[in-house]
Amino acid sequence: MAAIRVENLTKKYKNGVQALDGLTLTVKEGEIFSLLGQNGAGKSTLINVLTTYLRPTSGSVIMFGKDACREAAAIRSRIACVAQRTSIDTHLSLAENMMFQSKLYKVPKAEAQKRMEALIACFGLERYLTYPVSSYSGGVRRRLDIALNMMSNPKVLFLDEPTVGMDIQSRMAMWDMMKKIRNDFGTTIFLTTHYLEEADRLSDTICIMKNGKEVIQGTPHALREYLRQDMLKISFASKEEAKSCFDALKSVVALKETDLRHDKIITGSKNGRADLEKANRWLLDHSIPFLGIEIMQPALEDVFIRLTGENGKEVCR
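As a starting point, this report considers the structure included with it.

This next bit is on the environment of R306. Topologically, R306 is positioned in helix α11 (residues 300-308). Residue classification places R306 among the partly exposed residues on the basis of a relative accessible area of 25%. Residues R306 and D204 lie 102 residues apart in sequence; the distance between their C-alpha atoms is 21 Å.

Below, the structure written as structure tokens:
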């Protein structure tokens, strides 16, 4: 069953900005669905429409069989949204925050107590019960904020860039928590993120947006298969070294500006072995220092850059 079905959705603001332009996507029940796109792609507008904060200009949004425009109140009782800014009251304790949230959703006290205990254990918050909330780190606050929103037992949990600004250990802990929410509670997670590795490791389905439209949607594996070509990667010691030989290397293998990625040059190659040999010979003949050269399979980042790059010629699918 589809948890969310969006058909030909458009949103045009009064100032003339077209934020969504015929967007269509499907989110299956019980999956982690990641939405990717550059700034200005329309992700925030879509989240606001799906959570019933905004009405679309046209098109339809059906969530668990209910129309988001005509039955908004019924949908709100079945969803929760964790924004980038936490909704925690630092004057209340961890338990008081969670019980207060349950009162907002009219959860019976006995049921709320059981739910709170289960969430505290699931999210590893036991050790923080005796500390004031104001002393929590950013990662712990984010975990508590998600736990708060799970008190209403939502069918769909919207997470807007939940790991932004976190260190890698906190991000990995958050990834484990999201998997638990899906696996242990059966909650559908709708995730927006700028971390491609995060989307790749977590998602059952990924949708890439550009200019208010979906460009492609599928499993991480299917998206990587989209390119159907090897990638030539040349690694350098620094960004400056990669940049210094980039223009000259264009005469050896076909390169685009988006192929220069920090201290690496990564490009699609239809003739992988031949391109590797040519590039390797040129680097050695010109005494260009480099750390390594290899042929690799495309990553999600390669697909994202190909489909959202300003010079990309791909059409919406």
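Past the structure itself, the notes keep going.
Here we come to the pairing of strand β8 (residues 188-192). When you tally the buried positions in β8, you get five out of five residues, the bulk of the element. As defined by bridge partners, strand β3 (residues 32-37) adjoins β8 across four bridges and the pair is classed as parallel. Bridge pairing in β8 links S34 to L191. Pairing analysis gives five bridges linking strand β7 (residues 156-160) to β8, with the strands arranged parallel. Note on β8: the bridge partner recorded for L157 is I189.

Attention now goes to unusual backbone geometry. Positive phi, normally seen in glycine, also occurs at F64, with a value near 50 degrees. Secondary-structure assignment places F64 in the loop between β4 (58-63) and β5 (66-67).

Criteria and cut-off values
Residues numbered from 1 in each chain as written. Predicted model: local features only at pLDDT ≥ 70, side-chain atom pairs only at ≥ 80, totals over all residues. Heavy atoms only, no water. Helix = DSSP H or I, 4+ residues; strand = E, 2+ residues; numbered from the N terminus. Buried < 20%, exposed > 50% of the residue type's maximum accessible area, 1.4 Å probe, protein only. Pairing = 2+ DSSP bridges.

Note that every value here comes from positions in space, so none of it alone points to a role or purpose.
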